[in-house]
Amino acid sequence: MGHAFAFTLPDVVVRFKRMQGYNVLWVPGTDHASIAVHTILERKLRAEGQSRFDIGREAFLKRAWIWKEQSQGTIKGQLRRMGFSLDWSRDRFTMDEGLNRSVIEAFVRLHEAGLIYRGEYLVNWCPATQSAVSDIELDDKEIQGHLWHFRYPLAEDPNTFLIVATTRPETMLGDTAVAVNPKDERYQHLIGKQIKLPIKNRLIPIVGDDYVDPTFGSGCVKITPAHDPNDFEIGKRHQLPFINILNQDGTINENGDPFTGLDRFEARKQVVKWFQEHDLLEKIEDYTHTVPHSDRGGVPIEPLLSIQWFCDVSTMAATCLEEEHQKTNPEFIPERWTKVYTGWLEKLRPWCISRQLWWGHQIPAWYPVINGEISQDPQAFVVARDADQALTKARAQFGSQVESVQQDPDVLDTWFSSGLWPFSTLGWPDQTEDLARYYPNVLMSTGFDIIFFWVARMTMMGSQLTGQIPFKDVYINGLVRDENGAKMSKSKNNGIDPLELLDKYGTDALRYALVKEVVGTGQDVRIAYDRKTGESASVEAARNFANKIWNASRFVLLNLEEQTPAQLGSPDPGALELADKWILSRLHSSTQAIIQNLESYGLGEGARLLYSLIWDDFCDWYIELVKPRLRSEDPVAKRTAQQILAIMLESILKLLHPWMPHLTEEIWQILTQSQQQTSIAVQPYPSLDPQWINPALEQDFGLLIQTIGLLRNLRAEANLKPKQTITAILLTGDPDEQRILTQGQGYIQDLTKATSLDIVGSLAEEPQQVAAGVVGTIQVLMPLAGLVDFEALRAKLQKDKAKLDKEAEGIRSRLQNPKFTDKAPPEIIQTNRDQLAELEAQIQLLQERLSKID
């Protein structure tokens, strides 16, 4: 549902801009989702009793391509079914031949610029996927854990201990120092001395470092440089050894003897047990702390010392933040996300771009093979566009003894290729016509959760590789929430399948419902949904709207007598009636407001404005007002009515098309008799004509509508049959109101079945037995004598009231009964209170109607 929503929003903009005459390109495509695909395929392999290492890289990649074709087919089918106006002739995939070339070129250029390098650093390691993950691929989870306090004995005095605390006891196997603050008087005399590390019996130094907070815990900190980012920095400052105790699958390696081969969490238990047995466990505290988990692997990550490829994004980000780029940086809608974007750019660390996976863009780095051996020097490599170029470079750099080159087996982070999307899909690095025409892009529409994953990386890559920020606007859409306002998630199992709603209500209904719910820009939307029946009140209302349009269109088409809008032409301004001028004013003022909202990405407000224009103004009022003229013997009056109906229907279809493309296309084809020769999608979007906008007339006509509505309500209250006629009196001393009512007298009489309508400033005597109401300062009086059997009406109303009184009394008794209120769930009690309030309102209304009769 989130994807249906996220794609519908830009589709509205794309269709609107195309109808405005712009050459619009919306490129469809998919990324290769390296980690996600590995997770899926390796799960299948485990079910077969195998791993990817058992079948090898080539066989694994063959499976990946097959899975890609299947899943991509599903994705494309769903996008097509939603009617998104994508240019399918340009469909791209991040690992297709052209984009692979772009990725290689980008890597080479960034390496040549000194922005990509290889080094041994701490990375976030996911034991589940056995790959490095970047900082923003982490999901911080609050864990109810423990804080273990260990005693570390001094080497020179085994009976003297320093107390250190840790949440990861197994890492002590890789400790290479204990640090204290050099200003902490308790430990100043110990700096430079040694600790005898328990279990390992390794001598490690006590070092002084300002990083240590002397007020936290004992003021002593165990230092594991190979498994903690802060310890890593301390280790570099004090030139400590870096001892890695973990294998890539999260088990303990030979450096963690005697626990070699144990899973990290089992090793944790065994380490604690050892300290307990040797009386070196000071205490255990309950401790709530945040533990970063791999977003894809779903397990706690391990800081692991590893040789990886990095991208110096801080330098690239600084370029984006420079004053000259600030002028061209994208405008975020809503604007509040600008701070999130710039905040990310200001705090970036080197981006680990290598992944120990097979599905993805293999890193274009090669290692020289000499005497049949690959060089073990971490810096003995060349970066090249292909193997031939790599061999030439390697021999030039390392000598003619280089026999061959071996490509780095790792692949690039998926976001590396996705970061090139705005220009790689247009042919970069070649200077193509598409690149010249469509780059920089105009609009990037996405979710707030990938502002850094994708948006910031695209701006950095674009700025560095093309010299331009890749897009003008970034529209950040909100979330689709469930019927209770909760975020949809797999863990909550509260998602809604959009395909089920498409089957039940139709594509346009779902599209319109999703966008209409957006208030402002970038806000979350809430979809009403009954999980028992699979029904959605929100989408059903949109389907009813579509049905309303279809039925109104059938009425118009029937009365146009097979004439197209072009054949009917424009009406004679002198032949226009008050209702014609009113509906044309509503059309043009609404068009103005709708365009303004579309230009500022107020897509939800635009949808609601259309709803009001179509349902309220056109269907409920104008069509009813125009019916007498369509039956008229006056050819000018009839043709004028037909012309206005044709103008209104065609304009409404064009205005609505970005939201409901299928319905509007179907009706427009019939209306214009185009025979599929052209499409509404490429027709000019309606433009406003200020000469037709008349706010005073719209206000005046609103008074007529309210008056008609009140008289209709009075008829309903009196239980009059549809064919019964009435007389009415409109009493007002306001000259403007008298003028308006007089101008619309015919409309009032036609729509209320009033054979007589008196518009007066005063009455000689107060009429008896009338139904009455007020609009503005107008008293609306409907004499009932001769129309209503008062005794029968009184008896009916009294019977209805008695029935409601009985129901209300039953609920009151229930709510006053402690046996009910003490046991019933709060939501049941509230439901009863709501029912009582509704009944009391109905009883009050019946009492008022009885009072009028009396």
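Conventions and cut-offs
- Residues numbered from 1 in each chain as written.
- Predicted model: local features only at pLDDT ≥ 70, side-chain atom pairs only at ≥ 80, totals over all residues.
- Heavy atoms only, no water.
- Helix = DSSP H or I, 4+ residues; strand = E, 2+ residues; numbered from the N terminus.
- Rg over C-alpha atoms; globule rule 2.2 N^0.38 Å.
- Buried < 20%, exposed > 50% of the residue type's maximum accessible area, 1.4 Å probe, protein only.
- Contact = heavy atoms within 4.5 Å.
- Areas by Shrake-Rupley, 256 points an atom, 1.4 Å probe, with all protein chains shown as cover.
- Expected span 1.5 Å × (residues − 1).
- Axes fitted to C-alpha atoms, helices over the stretch in contact; angles between N-to-C directions.
- Parallel < 35°, antiparallel > 145°, perpendicular 65-115°, else oblique.
- Left-handed = near helix turned anticlockwise from the far one by under 90°.
- Nonpolar A, V, L, I, M, F, W, Y, C, P; charged D, E, K, R; others polar.
- Pairing = 2+ DSSP bridges.
- Salt bridge = Lys/Arg side-chain N within 4 Å of Asp/Glu carboxyl O.
- Arc of directions from axis to C-beta.
- Core = buried A, V, L, I, M, F, W, Y, C linked by side-chain atoms within 4.5 Å.
- Phe/Tyr/Trp six-rings, centres within 6.5 Å; stacked < 30°, edge-to-face > 60°.

A. Seen up close, the overall build of the protein. Counting its secondary structure elements, the protein contains 28 helices and 28 strands. Whereas a compact globule of 854 residues would reach a radius of gyration of roughly 29 Å, the protein reaches 37 Å, over 25% beyond that. Principal-axis analysis of the C-alpha atoms places the extent of the protein at approximately 115 × 75 × 55 Å. Within the protein, buried positions represent 50% of all 854 residues. Of the contacts made within the protein by residues no fewer than 6 positions apart, 75% connect residues no fewer than 24 positions apart. For the protein, the exposed surface amounts to about 40,400 Å²; the carbon and sulfur share of it is 48%.

B. Summary view of the side chain of lysine 222. Structurally, lysine 222 can be placed in strand β10 (residues 220–223). Judged by its relative accessible area of 6%, lysine 222 falls in the buried class. Not counting chain neighbours up to four residues away, the residues in contact with lysine 222 comprise Tyr152, Val164, Ala165, Thr166, Thr171, Met172, Asp175, Ala177 and Asp231.

C. Representation of helix α17 (residues 537–560) within the structure. The first and last C-alpha atoms of α17 sit 34 Å apart over 24 residues, in line with the 34 Å expected at 1.5 Å per residue. Positive phi appears at glutamate 561, one or two residues downstream of α17, with a value of about 55 degrees.

D. A look at the packing of helix α21 (residues 635–656) against helix α22 (residues 661–672). Where α21 contacts α22, the axes come no closer than 10 Å and their chain directions differ by 150 degrees. With respect to their mutual orientation, α21 and α22 come out roughly antiparallel. The way α21 lies across α22 gives a crossing that is left-handed. Where α21 approaches α22, its residues Leu649, Glu650, Leu653, Lys654 and Leu656 are matched on the opposing element by Thr664, Ile667, Trp668, Leu671 and Thr672. Tallied by class, the residues present in the contact of α21 with α22 amount to 6 nonpolar, 2 polar and 2 charged.

E. The pairing of strand β27 (residues 770–775), seen in detail. Taken together, the 6 bridges between β27 and strand β28 (residues 778–783) define a ladder with antiparallel strand orientation. Across the sheet, the residue bridging to valine 770 is proline 783, located in β28. In this structure, the hairpin formed by β27 and β28 is closed by a connection of 2 residues, where glycine 776 is found at a positive phi of approximately 60 degrees.

F. Structural context of the side chain of serine 553. With respect to the helices and strands, the residue serine 553 is situated in helix α17. For serine 553, a relative accessible area of 1% gives the class buried. Residues in contact with serine 553, not counting those within four places in the same chain, are Leu649 and Ile667.

G. Region of the structure containing the pattern of salt bridges. Applying the stated criterion across every chain yields a total of 47 salt bridges. Where aspartate 11 meets arginine 511, a salt bridge forms, and the shortest distance between an N and an O atom there is 2.6 Å. In this pair, aspartate 11 is assigned in helix α1 (residues 2–19) and arginine 511 in helix α16 (residues 507–516), connecting sequence segments 500 residues apart. We classify aspartate 11 as buried; its relative accessible area is 0%. As a salt-bridge pair, arginine 355 and aspartate 413 come within 3.2 Å of each other at their nearest N and O atoms. One end of the pair, arginine 355, is in strand β15 (residues 354–355); the other, aspartate 413, is in the loop between β20 (411–412) and α11 (414–418), with 58 residues separating them in the sequence. Residue arginine 355 is classed as buried on the basis of its relative accessible area, which comes to 1%. Salt bridges sharing common partners tie together Asp11, Arg15 and Arg511.

H. Inspection of the sheet that holds strand β4 (residues 131–133) at higher detail. The 4 strands lie next to each other as β4-β3-β12-β14, forming an open sheet whose pairing is antiparallel. Of all strands in the sheet, those bounded by a partner on one side alone are β4 and β14 (351–352). Note: strand β12 (residues 302–311) against β14, 2 bridges, orientation antiparallel. Residue phenylalanine 310 lies in a different strand from β14, and its bridge partner there is cysteine 352.

I. Structural detail: the environment of leucine 584. As for its placement among the helices and strands, leucine 584 is situated in helix α19 (residues 578–599). With a relative accessible area of 4%, leucine 584 lands in the buried category. For the pair leucine 584 and glutamate 698, spaced 114 residues apart in sequence, the C-alpha separation works out to 9.9 Å. Among residues more than four places away in sequence, those in contact with leucine 584 are Leu576, Ile644, Ile647 and Trp692.

J. Structural context of the packing of α17 against α22. The interhelical angle for the contact between α17 and α22, taken along N-to-C directions, is 0 degrees, at an axis separation of 11 Å. One finds that α17 runs roughly parallel with respect to α22. Together, Ala546, Ile549, Trp550, Ser553, Leu557 and Leu560 of α17 and Leu663, Glu666, Ile667, Ile670 and Leu671 of α22 make up the contact between the two elements. Its residues placed into classes, the contact of α17 with α22 shows 9 nonpolar, 1 polar and 1 charged.

K. The arrangement of helix α9 (residues 337–346) in detail. Restricting attention to buried positions, one finds in α9 the residues Trp337, Tyr341, Thr342 and Leu345. The buried side chains of α9 occupy one side of the element, clustering within an arc of 135 degrees when seen end-on. In α9, those exposed residues whose orientation departs by more than 90 degrees from the buried face are Lys339 and Glu346. The secondary structure elements touched by the buried residues of α9 are α7 (313–321), β13 (331–333), α14 (451–466) and β22 (471–477).

L. Examining the nonpolar core more closely. In this structure, Phe618, Tyr622, Leu656, Trp659, Tyr685 and Met782 are the most contacted members of the largest nonpolar core, which totals 128 residues. In terms of residue count, the dominant contributor to this core is helix α20 (residues 603–630) (14 residues). Once residues within four sequence positions are removed from consideration, tyrosine 685 is found in contact with Phe16, Met19, Gln20, Ile594, Ile595, Leu598, Lys654, Leu655, Pro658 and Trp659. Within the second largest apolar cluster, 55 residues are counted, among which are Leu348, Trp415, Met444 and Met460.

M. Seen up close, the packing of aromatic side chains. Enumeration over the complete set of coordinates arrives at 34 aromatic pairs. Taken together, a centroid distance of 5.0 Å and an interplanar angle of 85 degrees make the contact between tryptophan 65 and tryptophan 359 edge-to-face. Pair noted here: tryptophan 65 is in helix α3 (residues 52–81) and tryptophan 359 is in the loop between β15 and β16 (365–370), with a separation of 294 residues, a long-range link. A relative accessible area of 34% means that tryptophan 65 is categorised as partly exposed. Take tryptophan 359: its relative accessible area is 1%, and that puts it in the buried class. With a centroid separation of 5.0 Å and an interplanar angle of 40 degrees, the aromatic rings of phenylalanine 332 and tyrosine 341 are classed as tilted. The two residues phenylalanine 332 and tyrosine 341 agree in class, both being buried.

N. A look at unusual backbone geometry. Here the amide bond leading from tryptophan 428 into proline 429 is cis, since omega sits at 15 degrees, within 30 degrees of zero. Here tyrosine 439 and proline 440 are connected by a cis peptide whose omega angle stands at 0 degrees. Considering the arrangement of structural elements, one finds proline 440 in the loop between α13 (433–438) and β21 (441–447). Non-glycine residue glutamine 130 carries a positive phi angle of around 55 degrees. Its location among the elements puts glutamine 130 in the loop between β3 (116–126) and β4. Judged by relative accessible area, glutamine 130 falls into the partly exposed class, the value being 23%. Of note in this structure, asparagine 719 is not a glycine but carries a positive phi near 55 degrees. Take asparagine 719: it is sitting in the loop between α23 (695–717) and β25 (726–731).

O. Local environment of the sheet that holds strand β5 (residues 138–153). Taken together, 3 strands build an open sheet; the order of strands is β6-β5-β11 and the sheet is antiparallel. Pairing within the sheet leaves two strands with one partner each, and these edge strands are β6 (161–166) and β11 (281–294). Sheet twist, expressed as the average angle between the axes of neighbouring strands with direction ignored, equals 20 degrees. Bridge count between β5 and β6: 6 bridges; the pairing is antiparallel. The residue of β6 that forms the bridge with arginine 151 is isoleucine 163. Against the sheet, helix α6 (residues 264–277) touches β5 and β11, its axis set at about 25 degrees to β5.

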